[in-house]
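Chain and residue survey
Listed here are the chains, written in short residue letters.
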Amino acid sequence: MSLHMVDPVRLGTDQLPGGRLLGWAEWGPRDGVPVLLSPGAATSRHLGFGADVLDGLGVRVISFDRPGLGASSPLPRRTFDDFVDDIRTFAGLRDLGRPLMVGNSQGAPFALACAAAGAVGALAVVSGADEVAAPCFADALPGELRRLVDLAVSAPAAAEQVFAGFTPQAMWGMVMSGSPECDLAVYRQPAFAAAYRRALDEAFAQGADGYARDTVLAMGHWGIELSDIAVPVDLWYGEKDTGHSPDQGAELASRIPGAVRHLVPEAGGAVLWTHAEQVLSTLLERAAVL
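Let me sum up the structure you'll find in this document.

The rules behind each value
- Residues numbered from 1 in each chain as written.
- Predicted model: local features only at pLDDT ≥ 70, side-chain atom pairs only at ≥ 80, totals over all residues.
- Heavy atoms only, no water.
- Pairing = 2+ DSSP bridges.
- Helix = DSSP H or I, 4+ residues; strand = E, 2+ residues; numbered from the N terminus.
- Axes fitted to C-alpha atoms, helices over the stretch in contact; angles between N-to-C directions.
- Polar contact = N/O pair within 3.5 Å; in protein donor to acceptor, adjacent residues only side chain to side chain.
- Contact = heavy atoms within 4.5 Å.
- Parallel < 35°, antiparallel > 145°, perpendicular 65-115°, else oblique.
- Left-handed = near helix turned anticlockwise from the far one by under 90°.

Strand order in the open sheet formed by eight strands is β1-β2-β4-β3-β5-β6-β7-β8, with mixed pairing between adjacent strands. Bordering the open sheet on either side are β1 (10-15) and β8 (260-264), each of which pairs with just one other strand. Averaged over neighbouring strand pairs, the angle between their axes works out to 20° when direction is ignored. Pairing of β1 with strand β2 (residues 21-27), which is carried by six bridges, proceeds in the antiparallel orientation.

A few words on the side chain of Ser72. Assignment of secondary structure puts Ser72 in the loop between β4 (59-64) and α2 (80-93). A polar atom in the side chain of Ser72 sits 2.8 Å from the backbone nitrogen of Gly23. A distance of 2.5 Å separates the side chain of Ser72 from the backbone oxygen of Asp65, its partner in a polar contact. When residues no more than four places from it in sequence are discounted, the contact partners of Ser72 are Leu21, Leu22, Gly23, Asp65, Arg66, Pro67 and Gln206.

This next bit is on the packing of α2 against helix α3 (residues 108-116). Two packed helices can be described by the angle between their axes and the distance between those axes. Here α2 crosses α3 at 65°, and the two axes come no closer than 9 Å. Classified by the angle their axes make, α2 and α3 are roughly perpendicular. As α2 runs across α3, the sense of the crossing is right-handed. Contact residues: α2 offers Phe80, Phe83, Val84 and Ile87, while α3 offers Pro109, Phe110, Ala111, Ala113 and Cys114.

So, in structure tokens, the structure goes:
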């Protein structure tokens, strides 16, 4: 399938309490239903999704740079709670109430923290990174990943140093070498590749510390009370995606009250882009029953 990738229609930064800047990008109509995007690993606000369906759905997608990535100021030793605070502050500045949210790949635990804190009204987790430090996955992880997870749990500062050695090119190579053919057919499209490479370069513009902190948080024990989540949550995984969750979100869904898990046939980890309309339509439907 051919993807419609476009630059953000609105772009900017907001100042947070304490003076930090929060970088954001928007697609879709100004008066559309706000859907916040917690993007995947090492990408910036510029990598959006669903641009060709937003007008029809009446949705405005707003993507963020997490601290230390892209245009957002660093915040050393930040936690998931800090991300929740940033989202609450942004929503307050824009009078968004409790907006809807999508968490993609490594952005998933940050989005789940927002759901657990009641900061968002409904959530779609798409190709979400799982809590790989959970004991149930101890024997399911490849050896090198198991070693990194153990390091993130036992010595997070040392793990951050390891991840701080990553570069945009290293991330691109890792994704391209570890993805199934159905995903490579998406990632190799010139428009997508250009947008993705730009997002990687922007995410590392301040160095790799922001990515490193993200990864240590995602790979360690989350400390998120998933059982406290009281808003609708849908989890989307491609049936050929084995990289984001050892069991394609089955155990994760079981820990979230009322969560609905969707396993997409013939799809991999690129579900956010190949099935954007389905993800957003379902999110709108779930929010409408609140």
